[in-house]
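Commentary on secondary and tertiary structure
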Amino acid sequence: MTPVQSSALPGTANGVIGSGPVKVGLILPLTQGAGQSAVGVSMRNAAELALSEAGATDITVLVKDDRSTPDGAREATQAAINDGAELILGPLFAADVRAAADVARGAGKPVIAFSTDMSVTSRNVYLLSFLVEGYVDRIVDFAASRGKKSIAVMAPENDYANVALGALQTSAARRDMRVAAIERYRPGGAAAAASKIAALGDQIDTLFIPEQAPAMPEVARALTANGIDSKKVQILGTGLWNDSRVLSLPALQGAWFASPENAGFNAFSQRYRAKFGSEPTRVATLAYDSVSLAAALARTQGARRFSEEVLAAPTGFNGADGVFRFRPDGGNERGLSVLQVNNGSTIVVSPAPRSLSGA
């Protein structure tokens, strides 16, 4: 295996990873404000790990700093294309993806970005991220398969929950589940929402809470204070609950949520620690998988390597977090497991599929 050629990234410097004939731009938030971004650096390291494992002779990755701004993303993307990039990987943040996509579209180059905001997608602008829509589809399908019929929603007033709620209504209608109530709340208002949910009594058998991990202790206290028992009402969440702050909460024991299986990320983390001596951020696998995919396609697909036909192939691809495929509209489908909260850890109650073909 040819050693990976990698320039250092002190401060705001950009870099080059690999030595292959096919050039790929990797647009990352390496800096934010006056300092380095830990997330950006972790993703850059993950890209280096990907090429060290795939072999550095298929592609050259042109790493560009978008400075965590749309203007920076625009400039970084243009610089990568000027340097010969055939494919743009990244950026991470939605506004930066929009800016990068405008430049790439003008040059006829596809984009595989890392935002979770579906509004940034278009033809040839794909998202590799973990989409709330995917989490919701998986958990509602599983709940319906277990005989659940009537669902209530307790959701914060924020953008993430807005998207989750829209996906929930679509998924529930598809599975003939009745949405019995939707209670929204602002910070500090979970108790009032839980009181209204509790008043539904046996009209519901399922409660969906699209809340993020830092806010879940308050939500859990509200559930307990209002007598909402996870043994009587099945509580559902999203992949954001795969977090120690959630898994140990007494009110959530037995809750279900959709998530990539932990084994893939744990194995990736072990290899990352061995190479860099630090812990990767959770989104580092997005950079790892995108670079691994670009290298594999450059090796096997010839001139059509980054065409829409290849990138949106229905059979999909294998990544660190399991199988995935891009949809023609730029979204993605992932092979997700369903995990059950269990005394500070999780139990797999429905394994992730190993293949998406025909799904």
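Residues numbered from 1 in each chain as written. Predicted model: local features only at pLDDT ≥ 70, side-chain atom pairs only at ≥ 80, totals over all residues. Heavy atoms only, no water.

Digging into the pattern of salt bridges
We apply this condition: Salt bridge criterion: a side-chain nitrogen from Lys or Arg within 4 Å of a carboxyl oxygen from Asp or Glu. We count a stretch as a helix when DSSP gives it H or I for four or more residues in a row; a strand needs E for two or more, and each element gets its number in order from the N terminus. Categorising residues by exposure relies on relative accessible area from a 1.4 Å probe, with only protein chains included: less than 20% of the type maximum marks a residue as buried, more than 50% marks it as exposed, and the intermediate range marks it as partly exposed.
Within this structure, the stated rule accounts for 20 salt bridges. Of the charged contacts, one joins Asp102 and Arg105 as a salt bridge, the two residues approaching to 3.1 Å between their closest N and O atoms. Within this pair, Asp102 and its partner Arg105 are both found in helix H3 (residues 94–107), separated by 3 residues, close to a single helical turn. Judged by its relative accessible area of 48%, Asp102 is partly exposed. In this structure Arg105 comes out as partly exposed when scored by relative accessible area, which is 43%. It is possible to trace a salt-bridge network through shared partners that takes in Asp141, Arg174 and Arg175.

Considering the environment of Arg327
Applied cut-off: Any pair of residues with heavy atoms lying within 4.5 Å of one another is described as a contacting pair.
With respect to the element layout, Arg327 can be found in the loop between strand S15 (322–326) and strand S16 (332–334). Since its relative accessible area comes to 26%, Arg327 is described here as partly exposed. Residues Arg327 and Ala73, 254 residues apart in the sequence, show an inter-C-alpha distance of 24 Å. In contact with Arg327, other than residues within four places in its own chain, are Met118, Tyr126, Asn332 and Glu333.

Section: the pairing of strand S18 (residues 345–350)
Test applied: Only when DSSP finds a minimum of two bridges between them are two strands counted as paired.
Alignment of strand S17 (residues 337–342) against S18, held across 5 bridges, turns out to be antiparallel. Residue Val338 lies in a different strand from S18, and its bridge partner there is Ser350. Where S17 hands over to S18, the hairpin turn is made up of 2 residues, of which Asn343 adopts a positive phi near 55°.

Comments concerning the environment of Arg299
Quick reminder of the rule: In the analysis that follows, any N or O atom pair within 3.5 Å is treated as a polar contact, provided that within protein one partner can donate a hydrogen and the other can accept it, and provided that, for residues neighboring in sequence, both atoms belong to side chains.
Its place among the elements puts Arg299 in helix H10 (residues 284–300). Judged by relative accessible area, Arg299 falls into the partly exposed class, the value being 44%. Sequence spacing of Arg299 and Ala144 is 155 residues, and the spatial spacing of their C-alpha atoms is 42 Å. Excluding anything up to four places from it in sequence, Arg299 contacts Ala54 and Asp58. At 3.0 Å, the side chain of Arg299 forms a polar contact with the backbone oxygen of Ala54.

Concerning the sheet that holds strand S12 (residues 234–237)
Operational definition: Orientation is described by lines fitted to C-alpha atoms, with helices fitted over the stretch in contact, and by angles between N-to-C directions that extend from 0 to 180 degrees.
Taken together, the 7 strands give an open sheet; going across it, the order is S10-S9-S11-S12-S13-S17-S18, and neighbouring strands pair in mixed fashion. The open sheet has two free edges, formed respectively by strand S10 (178–185) and S18, since each of these has just one partner strand. Across the sheet, the mean angle from the axis of one strand to that of its neighbour is 30°, orientation sign disregarded. Relative to strand S11 (residues 206–208), strand S9 (residues 150–156) is paired through 3 bridges, and the arrangement is parallel. Bridge pairing in S11 places Val153 opposite Phe208. Against the sheet, helix H5 (residues 159–174) contacts S9, S10 and S11, and its axis sits at roughly 175° relative to S10. Strands S9, S10 and S11 of the sheet are contacted by helix H6 (residues 190–198), whose axis makes an angle of about 170° with S9.

Geometric descriptors of this kind do not, in isolation, establish any biological role.
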